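# Commentary on secondary and tertiary structure
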Amino acid sequence: MNLKNSLKTIVVATYAAICTNALADEKLWSVSTGLSYRDSNFNLPNNKFGNESWSGNLGLSRKINDKTYAGGSIAYSNADTRYDTLSGNADIDTTSLSVFVTRNLAWGLYANASLGYGKSDIDTNTAALNYDTDANFKTASIGLTQYIPLGSFFANVSARYTHISSDSDRFITNLGNPVPASSNTLNFITLGGQVTYQLNKWAPFVGLDWNKASREFIAGTGDEDYFGYSLGTRYTITKETSIGLTLNSVFDKRNVNENGASISLSHQF
């Protein structure tokens, strides 16, 4: 149930690295790393549970020419689900790799695409059922981002399509019942924008996005679309190095309350 939420978090982290590295044009190489935390609470009629997750990523990109950037990243996340109704918990450890390419088409318009693959270990223990299984997943994302200079302000608007497919292995529960292998897919689009204000070494920003899926993001929540927002700042330590802090949350997401925070560090060389 919560695997898709973990996968979506990784995809978003990868896309954030793409956007950051797209502007790293002073040097040939750019390295970035980040740590994210997210707390989610689901208040479904027949199932109340909470989910706490940590994720980290490390990315490296290279300027191929004046218009093209390419790179890759590795990410790890741990999600702990606390089932109130079912009296138990689930632990999901996920490791993934991704590659991406970004190209400046013209006039500040960038096209970007990424492919990813990963594996998850899912350990579930409730009062009625215990099981341990593995899952693997593939991700693909393509999008456009338009950067708009506005004097001391800097804005961007973006549109992105994402596909996630996951396959869970066959397993046997503690009661001896076999559960067959299963496959799932999720497709969604994200439309968003961000405004940044350049204030000496500080660059505070605020962003808003809308996510629309082909079906519910998580079964039973009724959420096929929702809004998310973020605010934060980047601080330029040196000309080549900067650090960023972001706070984010969602609204208009039925039965779900989510809040998160992340810190990132990038360096050009």
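A brief look at the structure comes next. (Residues numbered from 1 in each chain as written. Predicted model: local features only at pLDDT ≥ 70, side-chain atom pairs only at ≥ 80, totals over all residues. Heavy atoms only, no water.)

## Some points on the pairing of strand S3 (residues 68–83)
This is how the line gets drawn: Paired strands are those between which DSSP finds at least two bridges. Only runs of H or I of at least four residues qualify as helices and only runs of E of at least two qualify as strands under DSSP, and these elements are numbered from the N terminus.
Taken together, the 15 bridges between strand S2 (residues 47–63) and S3 define a ladder with antiparallel strand orientation. Each bridged residue has a counterpart across the sheet, and for Glu-52 the counterpart in S3 is Asp-80. Counting the residues that bridge the hairpin from S2 to S3 gives 4 residues.

## Some details on the sheet that holds strand S14 (residues 256–268)
The test is simple: Only the contacting stretch of a helix is used when fitting its axis, a line to C-alpha atoms as for every element, and angles between N-to-C directions run 0 to 180 degrees.
Spatial strand order, S1-S2-S3-S4-S5-S6-S7-S10-S11-S12-S13-S14: 12 strands in a closed barrel with antiparallel pairing. Each strand of the sheet is rotated relative to its neighbour by a mean of 15°, with strand direction disregarded.

## Some thoughts on unusual backbone geometry
Operational definition: Here the term buried applies to any residue with accessible area under 20% of the maximum for its type, exposed to any over 50%, and partly exposed to those in between, with areas from a 1.4 Å probe on protein chains only.
Of note, Trp-107 is a non-glycine position whose phi angle comes to about 55°, a positive value. Residue position: Trp-107 is located in the loop between strand S4 (88–106) and strand S5 (109–126). Judged by its relative accessible area of 83%, Trp-107 is exposed. Within the chain, Asn-200 stands out as a residue other than glycine whose phi angle is a positive 55°. Along the chain, the position of Asn-200 falls in the loop between strand S10 (182–197) and strand S11 (202–213).

## Quick notes on the packing of aromatic side chains
Stated precisely, the cut-off is as follows: Aromatic pairing here means that ring centres of Phe, Tyr or Trp (its six-membered ring) are within 6.5 Å. Orientation follows from the plane angle: under 30 degrees is stacked, over 60 is edge-to-face, and everything else is tilted.
Applying the stated criterion across every chain, the model contains 11 aromatic pairs. With a centroid separation of 4.7 Å and 50° between ring planes, the pair formed by Tyr-37 and Trp-54 is classed as tilted. One end of the pair, Tyr-37, is in strand S1 (residues 29–44); the other, Trp-54, is in strand S2, and 17 residues separate them in sequence. Residue classification places Tyr-37 among the partly exposed positions, given a relative accessible area of 24%. Here Phe-49 and Tyr-83 contribute two aromatic rings whose centre-to-centre distance is 5.7 Å and whose plane-to-plane angle is 50°, an arrangement assigned as tilted. Within this pair, whereas Phe-49 is found in strand S2, its partner Tyr-83 is found in strand S3, the two being separated by 34 residues in sequence. Note on accessibility: Phe-49 and Tyr-83 belong to one class, buried. An aromatic cluster of at least three residues, connected via ring pairs, comprises Phe-42, Phe-49 and Tyr-83.

## A look at the pairing of strand S6 (residues 130–150)
As paired strands, S5 and S6 are joined by 17 bridges and run antiparallel to one another. Paired with Gly-118 across the bridge in S6 is Phe-137. Alignment of S6 against strand S7 (residues 153–168), held across 16 bridges, turns out to be antiparallel. Among the inter-strand pairings, Ile-142 is bridged to a residue of S7, identified as Tyr-161. Where S6 hands over to S7, the hairpin turn is made up of 2 residues, of which Gly-151 adopts a positive phi near 70°.

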